[in-house]
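Here's the letter readout for the chains.
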Amino acid sequence: MAESIVPADFDGDGDVDLLRASLLDDRIDWYENDGDGNFSSEILITSNVEAPWEVFADDLDGDGDIDVLSSSQDDDKIA
């Protein structure tokens, strides 16, 4: 079950990929867009979260790469 889905270009290829927080699976994954609107299978970012609720994507440190933030409810964590 996806609790939160965020679009962003995670691999810098100019097309929009997807980031997902999965509440029941305790996972944060991204899905690569092949440029034609087809998405890959899930690519694990982390499973070190307990009930992730929200995900956010932005270049927080100004290095040109998209950074991922998450909040999870069962371990009261922002990562």
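Before reading on, note that the structure itself is shown above.
What counts and what doesn't
Residues numbered from 1 in each chain as written. Predicted model: local features only at pLDDT ≥ 70, side-chain atom pairs only at ≥ 80, totals over all residues. Heavy atoms only, no water. Pairing = 2+ DSSP bridges. Helix = DSSP H or I, 4+ residues; strand = E, 2+ residues; numbered from the N terminus. Patch = residues over 30% accessible without salt bridge, like charges linked within 9 Å, V, L, I, M, F, W, Y side chains within 5 Å. Areas by Shrake-Rupley, 256 points an atom, 1.4 Å probe, with all protein chains shown as cover. Salt bridge = Lys/Arg side-chain N within 4 Å of Asp/Glu carboxyl O. Lys, Arg positive; Asp, Glu negative; His and termini not counted. Charge placed at Lys NZ, Arg CZ, Asp CG, Glu CD. Buried < 20%, exposed > 50% of the residue type's maximum accessible area, 1.4 Å probe, protein only. Polar contact = N/O pair within 3.5 Å; in protein donor to acceptor, adjacent residues only side chain to side chain. Contact = heavy atoms within 4.5 Å.

Q: So what about the sheet that holds strand β5 (residues 52-58)? Which residues, and what values?
A: An order of β5-β6-β7 is seen for the three strands of this open sheet, with the pairing classed as antiparallel. Every interior strand has two partners, whereas the edge strands, β5 and β7 (77-78), have only one. As paired strands, β5 and strand β6 (residues 67-72) are joined by six bridges and run antiparallel to one another. What sits directly across from A57, in β6, is V68.

Q: Provide a residue-level description of a negative patch on the surface, including the pertinent values.
A: On the surface, D11, D13, E32, D34 and D36 cluster together into a negatively charged patch. With respect to the element layout, D11 can be found in the loop between β1 (2-8) and β2 (17-22). The exposure class assigned to D11 is partly exposed, which follows from its relative accessible area of 31%.

Q: A description of the pattern of salt bridges should follow, citing residues and the corresponding values.
A: Per the counting criterion, the structure on display carries five salt bridges. Where D29 meets R20, a salt bridge forms, and the shortest distance between an N and an O atom there is 2.6 Å. As far as burial versus exposure is concerned, D29 and R20 are alike and both buried. A salt bridge links E42 to R27, with the shortest nitrogen-to-oxygen separation between them at 3.6 Å. Of the two residues, E42 sits in the loop between β3 (27-31) and β4 (43-46) while R27 sits in strand β3, which places them 15 residues apart along the sequence. Among the residues examined, E42 registers a relative accessible area of 40% and is labelled partly exposed.

Q: Any details on the side chain of D15? Residues and values, ideally.
A: Structurally, D15 is set in the loop between β1 and β2. There is no salt bridge for the buried D15, and the closest opposite charge comes from R20, which lies 17 Å off by N-O distance. Polar contacts involving the side chain of D15 include one to the main-chain amide nitrogen of G35, which spans 3.1 Å. Sequence-distant contacts of D15, that is, excluding residues within four places in its chain, are made with A8, D9, N33, D34 and G35.

Q: Describe a nonpolar patch on the surface, with residues and values.
A: Residues F56, L60, L69 and I78 make up a contiguous nonpolar surface patch of roughly 420 Å² in combined accessible area. Relative to the helices and strands, L60 resides in the loop between β5 and β6. Residue class for L60 comes out exposed when judged on its relative accessible area of 53%.

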